[in-house]
Amino acid sequence: TFSHFHFKVNSSQCDSATQIDFFLNFSLVSVQFRFATWKEVLMMVVGGVCSLVHGAASPLMLLVYGMMTNTFVDYELEVQELADPNKTCINNTITWLDGTVAEVDIEAEMTKFALYYVGIGVGVLILSYFQIALWVSAAARQIQRIRKMYFRKIMRMEIGWFDCNSIGELNTRISDDINKINNAIADQVSIFIERISTFIFGFMVGFIGGWKLTLVVIAVSPLIGLAAGLMSVARLTGRELKAYAKAGAVADEVLSSLRTVAAFGGEHKEAERYDRNLVEAQAWGIKKGAIIGVFQGYLWCIIFLCYALAFWYGSKLVIETKELTPGGLVQVFFGVLMGAMNLGQASPCLEAFASGRAAAKSIFDTIDREPEIDCFSEEGHTLDKVKGDIEFHNVHFNYPSRPEVKILDDLNVVVKAGETTAFVGPSGSGKSTTIQLIQRFYDPKEGMVTLDGHDIRSLNIQWLRSLIGIVEQEPVLFATTIAENIRYGRPGVTMEEIIEAAKQANAYNFIMDLPQKFDTLVGEGGGQMSGGQKQRIAIARALVRNPRILLLDMATSALDNESEAIVQEALDKARQGRTTISIAHRLSTIRNADVLVGFEHGRAVERGTHSQLLDRKGVYFTLVTLQNQGKDTDKEDGFEKVRSFSRGSYESALRYINIMTFNIILRGVLEFPYLVLQKSKGEDKEVIEAAPVARILKYNRPEWPYMLLGSLGAAINGSVNPIYALLFSEILGTFSIQDLDEQRRQINGICILFVSIGVMSFFSQFLQGYSFAKSGELLTRRLRKVAFQAMLKQEIGWFDNPFNSPGALTTRLATDASMVQGATGSQIGMIVNSLTNIGASFIIAYYFSWKLSLVVTCFLPLIGLSGVFQAKMLTGFANEDKNALEAAGQVSSEALSNIRTIAGLAKEKHFVSQYEEQLQTPYKGAKKKAHVYGICFAFAQCVIFMAFAASFRYGGYLVSNEGLPYMMVFRVISALVTSATALGRASSFTPDYAKAKIAAAQLFKLLDRVPKISMSNTEGQSWDDFKGQIEFKGCRFTYPSRPDIQVLRGLEVSVHPGQTLAFVGSSGCGKSTSVQLLERFYDPDEGQVLIDGRPSVSISVPFLRSQIGIVSQEPVLFDCSIAENIQYGDNSRTVSMKEIVEAAKKAYLHDFVMTLPDKYETQVGAQGSQLSRGQKQRIAIARAIVRNPKILLLDEATSALDTESEKVVQAALDEARQGRTCIVIAHRLSTIQTADIIAVMSQGVVIEKGTHEELMARKAAYYKLVTTGAPIS
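Residues numbered from 1 in each chain as written. Predicted model: local features only at pLDDT ≥ 70, side-chain atom pairs only at ≥ 80, totals over all residues. Heavy atoms only, no water.

**Regarding the overall build of the protein**
Here is step 1: Check the secondary structure of the protein and you find 46 helices and 20 strands.
Here is step 2: Counting all 1273 residues of the protein, 56% fall into the buried class.
Here is step 3: Accessible surface, the protein: about 52300 Å² in total, of which carbon and sulfur atoms supply 58%. (Helix = DSSP H or I, 4+ residues; strand = E, 2+ residues; numbered from the N terminus. Buried < 20%, exposed > 50% of the residue type's maximum accessible area, 1.4 Å probe, protein only. Areas by Shrake-Rupley, 256 points an atom, 1.4 Å probe, with all protein chains shown as cover.)

Right, dumping it as structure tokens:
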């Protein structure tokens, strides 16, 4: 193309390294084509040949261009000769015979050239269409094949492989990695071939035209390559993020310990500290802008100096030694430039190849791996008659993902046919593992598992799994209808059988109550169903298989009492006449089993009936007693609490989460769709409208001088192209001057102009880069600070939303704010640059010849479009495929995340075929797109040839008929064409403008949010004689992030000034919540908190918090010195050293600090990591004392300490309590016996209150707690 007129940075790194690299690559690329059939290989070969020939088109065009230049120059000379009246034109050096014929000739010549151009254009059109269409469709076919093979292979892998590969990673591999391979084997290859061929032919054209000049130009091109290389180095943004890291660490620290910051009113102080740390990031950003400016300036400067050198030396060759024609000069110069640029543009393709190869490696490794347990294999025999005896012989086992943890250690168990055997034992003793071995998800390391005396490894897997029905603790349902879910149990089930199974599972009635009955969709992962309903559908699915062996893995543990009874009944029905293994945690569910087997540390240690085992006083006995004792203190699940967390296997972690949930559920809350609900809420972020630019600019207002300077620089840069077109045509014009001295003078003048333009553009580029960087960085810093302040203003409840976790907020500060500058400075620069570029080109063109300009202008939109297209080509079309593959992606992610269930049901093939079905549409789309893409590409490539044909033909007409000087033709055409291609490119190089607007919108959304609890000093009342009388009246409260669990259910308790109130109760009863209401981190949903008789809602937040000091269980210290941490207690003033020492003495801290080398200046480390817990706790107490609060809150302040430090800290606390209203949350009863009021809480209400003596006398809950010495929380 004619892009040789216009230089875009990011190109021409022409160095031999690239070429060597390129040859190496080709040997490796072959790996990527291993799945090509001969047909595809043929398509790729033909496409490759097309692109080779296509690459030669631009250099060819240069030959025509050179000849044309010569014709014009000759014609001009002839016209001058004829204009001289003394000369008559007799057969002299001029090829025309006389003036009359000459006119016809120039037009005829031009027509000839125009036809050449059209011919090349048509050739390019056809070639480039085939080049793209063939490669892209060949790639689409191969990718389709790879996708299918990869998914099929994954579904065949044994479960152990999934333990070692995270599912998320596999999903991204299926989508992104395969896309990367696609990028590497599709259009990129053909474009790469085309560019390399242009490079080779360009240099060839140069050497044919004139080798001396070619060598000179080649000699300087490494300088351009160097500049382009430096540019790409300068773009390293890594450093910027490093520079921001300090400020980021501050933000992270503050947001992670927000409650402490809020409690001590440190918001303003933190915002200042954050701002101080931003200076470094700002400085680096500005430096980066300046560096890029310098490099860009250097690049342009070098380019113009090269022009000057080449034209000066070239014209010497033309005029003095006559070894070069003017056309030859043009041809050489542009040939070499074009070659160099194309070599530079080939390098992005190499990146695509490299990432494609890396991606291909991981995918092909998986495709080549043979599964250890192949569920698709036909091998292994089937038994005609199955009794159902299962035996474990000396089985040793560990999970492949954690080889160092031994799960089963020489296990011997016999399960008799037709009996129900229950496995009991603490978590992690290997019960669930035995079940997975029976299903042959894993093979034992030693020993064997037998069914009716046959080693199950010798049986056919699909057949073996078809004998087994399994009901898990967390049943997995697939996102289809209820009937379909049950049908997964066995292929070819009739509707009658489904209904029968549903009846047996006690599911029929609730299904019939649903509006769509069996056609009800269960939602993603069964999310629309309650726990009990899911469990019963899963039982129906297991029963429809009519299994010989039924495995129940904690099948009822996730349910509340009522559903449990129903499900249990269904299971008892199902067990009849089948070999059943049941694992349970609630003993009520397994008492009636025929045999109980007790597990411990991967061994079966005891076996017998319920009563036999109770007499043995072994594992089973301890579990039973623990569970019964748990009943008294309102603990349902005591059994599971006694757990060794020895094994973090995936299901034990799941089980742990569930236990947490059941505990909540058991307290009588709904079944449990809420976990699922929450997940989905977090995922669909609200769609954000882009922000108006005006508002972004408003934040940037103070920087207007910088923006003005930048725009000035941009304007100068924009006018460089058109000026270049002027000078270029002047040079061609000089060749037709007959007076040699005049000619030389003009050429030297033009070369000097080139040099001066180069120097000027160096400065203007630097000016543009630096000014916009400066204004952009100042904007970023301002936005970061404002956003950070806005975050600190939000109420605490806002941070509970996972969307606003500290991690998410810090990344938002880091990235969003810096992205916003893309919408101001650089954007304005881009616009100014383009406008001056167009403006100047049009003025020049229309000034010199308006007729020709009109003709060229007709082609401009097309040329502009083709520029846009080429830029789009560089970024590749791959992203558009992603959406098409979403449906297939859903199938694959559902399949991978539920792989165990699918394996248990032997449904792998079903999912593979479903996946392949979903791939059909995108595949068809990809093939269709190959053609569309080919046509567009071909159009973009050939437009410019057509434009040249038309405009030069018309130019020739004007030259001969209207006496237009021929240099004007060149001037007009090159001015307009350069500006058009430049624009097309520029429009696509606009840095992340859309992203910037969205990032800004997110920031503004944060800035505009009105917090539910206002932090301002002016709102709310404050008063002077603050006494510290506190009263909770009928407070009800639920955390906004867990709306379905009411934590406080009508809390009533009051405390007078100077008294100490102690809260006691089990964890989750709302003790700490009451403290948070008092601090106004939250406001109660109903009822009020009264302070000195005024409702807390009406009190000014900063005033209220300034009266409260808090010492919590895990005190949060900031990463600064001890003195600064103590000073943090009062942020409204500067605390003097004297006060710090005083407070430290009261907190029993002073003596310890004086032993440290730096005394009070000792750094505590991040989160106080340099200190022991007792020391941290005492600093926290000193911090609370410095505040001199009227109310002191102690939230389990000594729980984390050993006895010795506890005594010291306790003494410090007793000291601190003097004369203050104090609320203590205790976990050791000994610490609160001196309290004035002790309130025992349970489930969000106070069940009894009074002094220690009164409560002991009542012999109720408190008495029980004290006498048993049971831990409370």
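**Structural notes on the packing of helix α27 (residues 740-793) against helix α29 (residues 806-820)**
Here is step 1: Relative orientation of the contacting elements α27 and α29 amounts to 145°, with a least axis distance of 8 Å. Taken as a pair, α27 and α29 cross one another with a handedness that is right-handed. Where α27 approaches α29, its residues L779, T780, L783, R784, A787, F788 and M791 are matched on the opposing element by L809, L813, A814, A817, S818 and V820.
Here is step 2: Of the residues assigned to the contact of α27 with α29, the class counts are ten nonpolar, two polar and one charged. (Axes fitted to C-alpha atoms, helices over the stretch in contact; angles between N-to-C directions. Left-handed = near helix turned anticlockwise from the far one by under 90°. Contact = heavy atoms within 4.5 Å. Nonpolar A, V, L, I, M, F, W, Y, C, P; charged D, E, K, R; others polar.)

**With respect to the pattern of salt bridges**
Here the idea is simple: oppositely charged side chains can pair when their charged atoms come close.
Here is step 1: The final tally for this structure, using the stated rule, is 28 salt bridges.
Here is step 2: R156 is the salt-bridge partner of E370, the closest N and O atoms lying 3.9 Å from each other. With E370 in the loop between α12 (326-368) and β1 (390-397) and R156 in helix α4 (residues 99-156), this residue pair connects regions lying 214 residues apart in the sequence.
Here is step 3: For E370, a relative accessible area of 54% translates into the label exposed.
Here is step 4: K785 serves as the salt-bridge partner of E272, at 3.5 Å between the closest nitrogen and oxygen. Remark: K785 occurs in helix α27 and E272 occurs in helix α11 (residues 267-321); sequence separation between them is 513 residues.
Here is step 5: Classification of E272 by relative accessible area gives partly exposed; the value is 30%.
Here is step 6: A network of salt bridges, in which partner residues are shared, links E272, D275, R781 and K785. (Salt bridge = Lys/Arg side-chain N within 4 Å of Asp/Glu carboxyl O.)

**Re the packing of aromatic side chains**
Here is step 1: All told, the structure shown has 36 aromatic pairs when counted by the stated rule.
Here is step 2: Residues F72 and F970 carry aromatic rings whose centres are separated by 5.7 Å and whose planes lie at 75° to one another, so their mutual orientation is edge-to-face. With F72 in helix α3 (residues 57-83) and F970 in helix α36 (residues 966-989), this residue pair connects regions lying 898 residues apart in the sequence. This pair shows no difference in class: F72 is buried, exactly as F970 is.
Here is step 3: The structure contains a cluster of three or more aromatic residues connected by ring pairs, namely W300, F304, Y307, F311, F333, F334, Y724, F728 and F754.
Here is step 4: Taking the ring centre of F848 as reference, the NZ or CZ of R971 above it sits at 4.5 Å. (Phe/Tyr/Trp six-rings, centres within 6.5 Å; stacked < 30°, edge-to-face > 60°. Lys NZ or Arg CZ within 6 Å of the ring centre and 35° of its normal.)

**Points about α29**
Quick reminder: α-helices carry 3.6 residues per turn. Residues three or four places apart thus point the same way.
Here is step 1: Counted at 1.5 Å a residue, the expected span for α29 with its 15 residues is 21 Å, and the 21 Å between its end C-alpha atoms agrees.
Here is step 2: Where α29 bends most, the angle comes to about 30°, and this point is R812.
Here is step 3: Within the sequence span of α29, burial applies to L809, T810, R812, L813, A814, D816, A817 and V820. (Expected span 1.5 Å × (residues − 1). Bend = angle between axes of the 7 residues up to and from the residue.)

**Considerations on a nonpolar patch on the surface**
Here is step 1: Taken together, the side chains of V41, V45, V49, L52 and V53 define a hydrophobic patch exposed on the protein surface, amounting to about 390 Å² of accessible area.
Here is step 2: Within the element layout of this structure, V49 appears in helix α2 (residues 38-55).
Here is step 3: On the basis of relative accessibility, which here comes to 47%, the residue V49 falls in the partly exposed class. (Patch = residues over 30% accessible without salt bridge, like charges linked within 9 Å, V, L, I, M, F, W, Y side chains within 5 Å.)

**Observations concerning the environment of L854**
Here is step 1: By the element assignment, L854 lies in helix α31 (residues 850-875).
Here is step 2: Judged by relative accessible area, which is 43%, L854 ranks as partly exposed.
Here is step 3: Taking C-alpha positions, L854 is 9.6 Å from S951, a pair spaced 97 residues apart along the chain.

**Observations regarding the sheet that holds strand β6 (residues 468-471)**
Here is step 1: As summarised here, the arrangement of the six strands in space is β6-β7-β8-β3-β9-β10, forming an open sheet in which the pairing is mixed. A single partner strand is all that each edge strand has here, and the edge strands are β6 and β10 (603-608). Adjacent strand axes in the sheet meet at a mean angle of 20°, parallel and antiparallel pairs treated alike.
Here is step 2: Taken together, the four bridges between β6 and strand β7 (residues 549-553) define a ladder with parallel strand orientation. Counterpart to I468 in the pairing with β7 is I549.
Here is step 3: Contacts from helix α13 (residues 431-438) reach β3 (420-424), β6, β7, β8 (579-583) and β9 (595-600) within the one sheet, and its direction differs from that of β7 by about 150°. (Pairing = 2+ DSSP bridges.)

**Looking at the packing of helix α26 (residues 704-734) against helix α30 (residues 825-848)**
Here is step 1: Two elements in contact, α26 and α30, have axes separated by 7 Å at closest approach and are oriented at 35°. Judged by the sense of rotation from one axis to the other, the crossing of α26 with α30 is right-handed. Contacts between α26 and α30 involve M707, S711, A714, A715, N717, G718, S719, N721, P722 and L726 from the former and G825, I828, G829, V832, N833, T836, N837, A840, S841, I844 and F848 from the latter.
Here is step 2: Along the lines of polarity and charge, the residues of the contact of α26 with α30 split into ten nonpolar, eleven polar and no charged.

**With respect to α2**
Here is step 1: Given a rise of 1.5 Å per residue, 18 residues ought to cover 26 Å, and the 25 Å separating the end C-alpha atoms of α2 matches this to within 8%.
Here is step 2: Of all the residues in α2, the buried ones are E40, M43, M44, G47, G48, C50, S51, H54 and G55. Along the long axis of α2, the arc covered by the buried residues comes to 165°, so they all point the same way. (Arc of directions from axis to C-beta.)

**Details of the sheet that holds strand β2 (residues 408-415)**
Here is step 1: With antiparallel pairing, four strands are arranged side by side in an open sheet as β2-β1-β4-β5. Each of the sheet's edge strands pairs with one partner strand only, and the pair in question is β2 and β5 (454-455).
Here is step 2: The sheet contact formed by β1 and strand β4 (residues 446-451) spans five bridges and is antiparallel. Looking across to β4, one finds that H396 is bridged to E446.
Here is step 3: Along the sheet, α13 contacts β1, β2 and β4; its crossing angle with β1, the most-contacted strand, is approximately 115°.

**What about the environment of S355?**
Here is step 1: Position of S355 relative to the elements: it lies in helix α12.
Here is step 2: The class for S355 is partly exposed, based on a relative accessible area of 30%.
Here is step 3: With 172 residues separating them in the primary sequence, S355 and N183 have C-alpha atoms 9.0 Å apart.

**Some points on unusual backbone geometry**
Here is step 1: One non-glycine residue with positive phi stands out, namely R440, at about 60°.
Here is step 2: By the element assignment, R440 lies in the loop between α13 and β4.
Here is step 3: The buried category is assigned to R440, whose relative accessible area is 9%.
Here is step 4: With a phi angle near 50°, D452 is a residue other than glycine that sits in the positive phi range.
Here is step 5: As for its position among the elements, D452 is in the loop between β4 and β5.
Here is step 6: D452 gets classed as partly exposed once you look at its relative accessible area, which sits at 23%.

**Quick look at the nonpolar core**
Here is step 1: Grouped together as the largest cluster of nonpolar side chains are 104 residues, with contacts concentrated most on Y65, F72, Y117, Y307, F754 and F952.
Here is step 2: Once residues within four sequence positions are removed from consideration, F754 is found in contact with F304, Y307, A308, F311, Y724, L727 and I731.
Here is step 3: Ranked by size, the runner-up nonpolar core spans 77 residues in total, among them I696, F799, L1006 and I1237. (Core = buried A, V, L, I, M, F, W, Y, C linked by side-chain atoms within 4.5 Å.)

**Points about the pairing of strand β14 (residues 1086-1091)**
Here is step 1: Pairing of strand β11 (residues 1030-1038) with β14 involves five bridges; the strand directions are antiparallel. Paired with I1030 across the two strands is I1091, which belongs to β14.
Here is step 2: For β14 and strand β15 (residues 1094-1095), the ladder comprises two bridges, and the chain directions are antiparallel. Note on β15: the bridge partner recorded for I1091 is R1094.
Here is step 3: From the end of β14 to the start of β15, which pair antiparallel, there are two residues, and D1092 there has a positive phi angle of about 50°.

**As for the side chain of D455**
Here is step 1: Checked against the element boundaries, D455 lands in strand β5.
Here is step 2: Within the structure, the side chain of D455 is placed 2.9 Å from the backbone nitrogen of R457, a separation counted as a polar contact. (Polar contact = N/O pair within 3.5 Å; in protein donor to acceptor, adjacent residues only side chain to side chain.)

**A look at the pairing of strand β13 (residues 1060-1065)**
Here is step 1: For β13, the tally of buried residues reaches six of six residues, placing the bulk of the element in the interior.
Here is step 2: In β13, alternate side chains face the same way, and those of T1060, A1062 and V1064 on one face and L1061, F1063 and G1065 on the other are all buried.
Here is step 3: Looking at chain direction, β13 and strand β18 (residues 1221-1225) are connected through four bridges and run parallel. Following the sheet pairing, A1062 is matched in β18 by V1224.
Here is step 4: As paired strands, β13 and strand β19 (residues 1237-1242) are joined by five bridges and run parallel to one another.

In short, shape yes, function no, at least from these values alone.
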